[in-house]
Amino acid sequence: MSGILSSSIARKVAMALSALFLIIFLLIHLAVNLTSLFSEDVFNKASHFMGTNPLIQFAMQPVLIFGVVFHFVMGFVLELKNKRSRNVKYVSYNGSASATWMSRNMAISGGVILIFIVIHFLDFWIPELNTKYVLGDMSGMHEGEFRYFAELQHKFMSPVKVGIYVIAFVLLALHLAHGFQSAFQSMGFNNKYSKCVKNLGTIYSIVVPLGFIIIALFHYFNH
């Protein structure tokens with residue numbers, strides 16, 4: 001870790017790799033949750049598989065947690081070093097002259113998203129761990145039926161909670177609008193692919209957060 005933190009290029013590449021990892025995870029997470037819009041049975045079965053499969057639970061899940069923590073820690077480290085660099089090199093720094101508002105405030109949007117992730121973990125992940133590993137109930141059942149769909153609907157009964165989710169995913173869209181393209185640039189994609197990456201990033205940053213917003217609103221209005 002100290003080797004990564006000591007090199008500017010290595011830090012950016014590590015940040016990009018963690019971002020690409022989380023981008024892929026978001027797609028998988030969205031795909032599973034979208035099934036709740038059209039089939040309670042499919043969602044229950046998919047959720048039970050994801051929640052009980054040993055490979056996912058004991059190999060992929062720890063990697064995901066590490067990826068989330070690493071991405072945000074590295075993001076704040078890069079932001080701190082960039083600010084120190086600007087303070088040393090420039091008497092007057094006009095960030096808006098060469099960068100968008102979002103690119104200059106990735107730490108702010110990232111911080112809000114991090115708070116949301118903590119809330120999301122407390123809301124979904126921690127209770128799930130308690131049910132499975134503390135209470136010892138791996139069945140996924142409640143009163144003879146899978147509990148996942150009912151629990152999802154229950155989570156989105158509160159308009160305040162739904163509002164928090166909507167705001168968080170709007171900020172995620174703005175964060176991704178810059179972060180998606182930035183991650184590919186840090187990985188060495190040259191100008192030949194920049195337009196394609198930019199267009200793909202725009203589509204991703206709109207479609208994925210919008211998908212999560214639709215899920216939250218759907219279950220709020222249909223519980």
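Here the structure is a predicted model, which is why all the values come from computation and not from measurement. Counting from 1, residues in each chain are numbered in the order their sequence is written. Given that this is a predicted model, residues contribute local features only at a pLDDT of at least 70 and side-chain atom pairs are listed and counted only at 80 or more, while totals for whole chains, interfaces and linings are drawn from all residues. Excluding hydrogens and water, the side-chain values take into account all heavy atoms of the structure.

(A) Region of interest: the packing of aromatic side chains. Pairing of aromatic rings covers Phe, Tyr and Trp, the last through its six-membered ring, and needs centres within 6.5 Å; plane angles under 30 degrees mean stacked, over 60 mean edge-to-face, and all others mean tilted. Scanning all chains against the criterion turns up 14 aromatic pairs. Look at Phe-116 and Phe-169: their rings are 5.4 Å apart centre to centre, the planes differ by 70°, and that puts the pair in the edge-to-face class. Here Phe-116 is found in helix 6 (residues 106–134), whereas its partner Phe-169 is found in helix 8 (residues 159–186), with 53 residues between them in sequence. With respect to class, Phe-116 is no different from Phe-169; both count as buried. Consider the rings of Phe-124 and Phe-156, whose centres lie 6.3 Å apart with planes at 45°: the pair is tilted. One end of the pair, Phe-124, is in helix 6; the other, Phe-156, is in the loop between helix 7 (148–155) and helix 8, and 32 residues separate them in sequence. With a relative accessible area of 4%, Phe-156 lands in the buried category. Three or more aromatic residues link up through ring pairs in this structure, and these residues are Phe-116, Phe-124, Phe-156, Tyr-165, Phe-169 and Phe-212. Stacked on the ring of Phe-124, the Lys or Arg Lys-155 has its end atom at 5.7 Å from the ring centre. Comment: elements are numbered from the N terminus, with helices defined as DSSP H or I runs of at least four residues and strands as E runs of at least two. Here's how the labels work: a residue is buried when its accessible area is under 20% of the maximum for its type, exposed when over 50%, partly exposed in between, all with a 1.4 Å probe on protein chains only. Any Lys NZ or Arg CZ found within 6 Å of a ring centre and within 35 degrees of that ring's normal is scored as a charge over the ring.

(B) Structural view of the nonpolar core. Ranked by size, the top nonpolar core spans 33 residues in total, and within it Phe-169 and Tyr-204 carry the most contacts. For this core, the secondary-structure elements that each account for two or more residues are helix 2 (8–34), helix 4 (54–89), helix 6, helix 7, helix 8 and helix 9 (191–221). Among the elements that line this core, the one with the most residues is helix 8, at 9 residues. When checking whether two residues touch, look at their non-hydrogen atoms; a contact exists if any pair is within 4.5 Å. Setting aside anything within four residues of it in sequence, one finds Tyr-204 in contact with Ile-23, Leu-26, Leu-27, Leu-176, Phe-180 and Pro-209. For this analysis, a nonpolar core means a set of buried residues of the types Ala, Val, Leu, Ile, Met, Phe, Trp, Tyr and Cys, connected via side-chain atoms within 4.5 Å.

(C) Fine view of the packing of helix 2 against helix 8. In this analysis an axis means a line fitted to C-alpha atoms, helices contributing only their contacting stretch, and an angle means the value between N-to-C directions, from 0 to 180 degrees. Between helix 2 and helix 8, whose axes approach to 9 Å, the crossing angle comes to 125°. Here helix 2 is positioned oblique relative to helix 8, judged by the angle of their axes. The two elements helix 2 and helix 8 meet at a crossing, and its hand is left-handed. Here Lys-12, Val-13, Ala-16, Ala-19, Leu-20, Ile-23 and Leu-26 of helix 2 come into contact with helix 8, specifically with Leu-172, Leu-176, Phe-180, Ala-183, Phe-184 and Ser-186. Throughout this entry, Asp, Glu, Lys and Arg are counted as charged residues, while Ala, Val, Leu, Ile, Met, Phe, Trp, Tyr, Cys and Pro are counted as nonpolar. The remaining residues, Gly among them, count as polar. Considering only residue class, the contact of helix 2 with helix 8 consists of 11 nonpolar, 1 polar and 1 charged. Under this scheme an angle from 65 to 115 degrees is roughly perpendicular, one under 35 degrees roughly parallel, and one over 145 degrees roughly antiparallel; angles in between are oblique. The sense of a crossing depends on the near helix, which, turned anticlockwise from the far helix by less than a right angle, makes the crossing left-handed and, turned clockwise, makes it right-handed.

What is shown is where atoms sit, not what they do.
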